[in-house]
Amino acid sequence: MSPGSANPVETCRHTLASALERARAYLLERQSPGGGFCFYRGYYVEEPNLSDTWHAVAALTELLGEVLPGKDSHASFIIGQAIAPQPFALYCRVRALLALGVDDTRAEEVRSAAVALQAHLPDLAKYPSLAAALQRLECTLWLKRHFGLAWDPADLALALRQGEHAQGGFGTPPNLLDTAAAIAVLMLCGRPPASRTGEFVNRMAVPGFGFRLTAGSLSPHLETVCAGICSCRRLGLPIPHAEDAAAFVLSCQTGNGGFARAAGALPHITLTHLALATLARLVAPQALRDMIPSRRSA
């Protein structure tokens, strides 16, 4: 199959079907009886949180087509959480309830919290990475758009685009994670990235595992490969070495079905959602769901 093929995982359907079934089992095992999800839950540990709950619910319902028997308890857990003026927590709350198809009884309070969020490029010196700051901003912009709140995308997009390197790419040094985060924000602003952004993404593509983080990096990891695939899709570019990228994503699945940053590392619900979302970008979402053995036999 040639690089950039529309369905690079078609050649490994059996492997993918098994991976999806195992990921489904991993996520379902992370449900807390009282509602919510937690990636490290065990027999004596029940500490569900909004982040794990959003990622698990989204992966199960939106990507794997799962009907959750504990839907009501999960919704009750989410609605019962404190409404903090923090973009990621608000985002997880809203997105999780949307995925469950449940109305938030405290929707006006959530909307008021979203109104207070600042929709401008933050002081990057306060953040450990550009990606972290931009992901926070992405959540803010999504919430503003969801609630129909006014904000000025032009100035924000201009300020962000001024931070791109002349040869393309964001971050110091230019890297794929920061660039993918910048692309996401620019898309929410309705201001597509410059052509040099796509050129940078293409330069980060490599055979063997799909994408590298920077021009000088050698060690691949799940987030980098997923960022490359997502960036190509958002920019409307073919995915170079698509089969290699898909194979690398699948290689990050651990023995218990969850996905980790790299082969043999610790799995996490967030990374499992990321991996499944990336695989869905390589095949039609419905085709992905149809590959799951338990759904075919239902």
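Here the structure is shown first, and the text comes after it.
Described below are features of the structure shown in this document.

About the cut-offs
Residues numbered from 1 in each chain as written. Predicted model: local features only at pLDDT ≥ 70, side-chain atom pairs only at ≥ 80, totals over all residues. Heavy atoms only, no water. Helix = DSSP H or I, 4+ residues; strand = E, 2+ residues; numbered from the N terminus. Rg over C-alpha atoms; globule rule 2.2 N^0.38 Å. Buried < 20%, exposed > 50% of the residue type's maximum accessible area, 1.4 Å probe, protein only. Contact = heavy atoms within 4.5 Å. Areas by Shrake-Rupley, 256 points an atom, 1.4 Å probe, with all protein chains shown as cover. Phe/Tyr/Trp six-rings, centres within 6.5 Å; stacked < 30°, edge-to-face > 60°. Core = buried A, V, L, I, M, F, W, Y, C linked by side-chain atoms within 4.5 Å. Axes fitted to C-alpha atoms, helices over the stretch in contact; angles between N-to-C directions. Parallel < 35°, antiparallel > 145°, perpendicular 65-115°, else oblique. Left-handed = near helix turned anticlockwise from the far one by under 90°. Nonpolar A, V, L, I, M, F, W, Y, C, P; charged D, E, K, R; others polar. Expected span 1.5 Å × (residues − 1).

Describing the overall build of the chain
- Assigned secondary structure in the chain consists of 14 helices and four strands.
- Its C-alpha atoms give the chain a radius of gyration of 19 Å, within 12% of the compact-globule value 19 Å for 298 residues.
- Principal-axis analysis of the C-alpha atoms gives the chain an extent of 50 × 50 × 30 Å.
- Buried residues in the chain amount to 50% of all 298 residues.
- Of the contacts made within the chain by residues no fewer than 6 positions apart, 67% connect residues no fewer than 24 positions apart.
- A total accessible area of about 13,200 Å² is found for the chain, and carbon and sulfur atoms account for 55% of it.

Comments concerning the packing of aromatic side chains
- In total, this model carries four aromatic pairs according to the counting rule given.
- Taking the centre distance of 5.2 Å and the plane angle of 90 degrees together, the rings of Phe39 and Tyr40 count as edge-to-face.
- Judged by its relative accessible area of 21%, Phe39 is partly exposed.
- One aromatic cluster is present, formed by Trp54, Tyr91 and Trp142 through successive ring pairs.

Considering the nonpolar core
- Formed by 76 residues in total, the largest nonpolar core has its most connected members in Leu27, Leu143 and Leu276.
- In this view, Leu276 contacts Leu20, Ala23, Leu27, Ala59, Leu63, Leu64, Phe259 and Leu288; residues no more than four positions away in its chain are not counted.

Focus on the packing of helix H1 (residues 13-28) against helix H12 (residues 269-282)
- Viewed as axis vectors pointing N to C, H1 and H12 meet at an angle of 150 degrees, and their least axial separation amounts to 11 Å. Classified by the angle between their axes, H1 and H12 sit roughly antiparallel to one another. For the element pair H1 and H12, the recorded crossing hand is left-handed. In this structure, H1 uses Leu16, Leu20, Ala23, Tyr26 and Leu27 to contact H12, whose residues at the interface are Ile269, Thr272, Leu276 and Leu279.
- When the residues that make up the contact of H1 with H12 are grouped by side-chain class, the tally is eight nonpolar, one polar and no charged.

Here's the deal with H1
- Look at H1: 22 Å from first C-alpha to last across 16 residues, which is about the 22 Å you get at 1.5 Å a residue.
- Listing the buried residues of H1 in full gives Leu16, Ala17, Ala19, Leu20, Ala23, Arg24, Tyr26 and Leu27.

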